[in-house]
Amino acid sequence: MRLIRSAELRLAELFAGGEVPGFIHLSIGQEAVATGVMAALEAVDTIASNHRGHGHCLARGVDLAGLFAEIMGKDSGLCRGRGGSMHVADMQVGMLGANGIVGAGIPLATGSALAHQVRGTGGVAVAFFGDGALAEGVLHESMNLAALWKLPLLLVCENNGWSEFSPAERQFAARSLELVAAFGIPGEQVNGNDVFAVSAAAGRLRAQAAGQGPRLLECLTDRARGHYEGDPQRYRADQPGRGLADPLDLCRGHLRRLRVSAAQIDATDAEVEQTVTAAVAKARAGAPARYADAAADVYTRLPTMSA
């Protein structure tokens, strides 16, 4: 969680300094969801992320310097600088990719769940999405297929109360647990800022999904920043947020009650800051992605035909 927070804050600085092309959507305030869910997964599991997916990637274990390099458009990035912030993928750790289209990772995870089922891997596919995606038809279609075929699919709704710039309740009439119940899919709602609660619920639901079919985990959380970095957030004037405790502060309290010393926690924080600084330096030193390579790996080369 500290790694995600520190990396996101550093990305905000890099973006403000003009070192990050395009837009970035930071997950500050939502670190417990990514960390708690990933802690409950197995190595065989696959993950489809969304536009606010840096935390998912880091919690899953992607290379930190490679992530910074990707977002900064470097050839040394995880996708050689071709994807950027919203299209980070790393199949070595089961990251199917982030996605710039709201809800578009859900059918990818559904397909991956079918692959797990057909191949008998014992794995589960996880789809992260926000409450702003609850009105997307592709979510409803995916839930229907997953329920019919009893696919090993874990749907994780990061409910931060916002659909981009509007309160989510203004654009979707139902509630997520009510929605999945219509498809016969069980689910749980937890405090998404409590990493221990998230991890425990994700573990239960992952085990159920692996053998009994799709499950939903709704995590109530807060989006600390705007929809995108640089968002003026004028719409927040009369919508202050849920007032949930900061997930890092909440975790620190849990750790202290478990008799982890404040000095140990502070030492971890300092170590993480050094790690992030080193990763940024390594990414900065990388060569930029080459325009000439932009189409590489897009098309399969056809064999030459002999006369």
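Quick note: structure is the one above.
Residues numbered from 1 in each chain as written. Predicted model: local features only at pLDDT ≥ 70, side-chain atom pairs only at ≥ 80, totals over all residues. Heavy atoms only, no water.

A. Region of interest: the nonpolar core. Within the largest apolar cluster, 47 residues are counted, with the highest numbers of intra-cluster contacts made by Val37, Phe68, Val126, Phe128, Val156 and Leu217. Per element, the largest residue contribution to this core is 6 residues, and it comes from helix H4 (residues 64-71). Here Leu217 is in contact with Val37, Leu154, Leu155, Val156, Cys157, Glu188, Val190, Val198, Ala201, Ala202 and Leu205, once residues within four sequence places are set aside. Grouped together as the second largest cluster of nonpolar side chains are 21 residues, Leu139, Ala146, Leu153 and Leu155 included. (Core = buried A, V, L, I, M, F, W, Y, C linked by side-chain atoms within 4.5 Å. Buried < 20%, exposed > 50% of the residue type's maximum accessible area, 1.4 Å probe, protein only. Helix = DSSP H or I, 4+ residues; strand = E, 2+ residues; numbered from the N terminus. Contact = heavy atoms within 4.5 Å.)

B. Summary view of the pattern of salt bridges. Taken as a whole and assessed by the stated rule, the structure comprises 12 salt bridges. In this structure, the salt-bridge partner of Glu188 is Arg204, at a minimum N-O distance of 2.7 Å. Taken together, the residues Glu188 in strand E7 (residues 187-191) and Arg204 in helix H8 (residues 195-212) connect sequence positions 16 residues apart. Here the salt bridges share partners, and the residues they tie into one network are Asp75, Arg80, Arg290 and Asp293. (Salt bridge = Lys/Arg side-chain N within 4 Å of Asp/Glu carboxyl O.)

C. Representation of unusual backbone geometry. One non-glycine residue, Arg80, lies in the positive phi region at around 60°. Within the fold, Arg80 resides in the loop between H4 and strand E2 (95-97). A relative accessible area of 34% places Arg80 in the partly exposed class. One non-glycine residue, Arg259, adopts positive backbone phi at about 70°. Looking at the element boundaries, Arg259 is found in the loop between helix H9 (247-257) and helix H10 (262-284).

D. Layout of the pairing of E7. When E7 meets strand E8 (residues 215-220), the two strands line up parallel, connected through 5 bridges. Note on E8: the bridge partner recorded for Glu188 is Leu217. Taking the sense of rotation as the criterion, the β-α-β connection linking E7, H8 and E8 turns out right-handed. (Pairing = 2+ DSSP bridges. Right-handed = clockwise from strand over helix to strand, strands pointing away.)

Function cannot be read off these values alone, since they describe shape.
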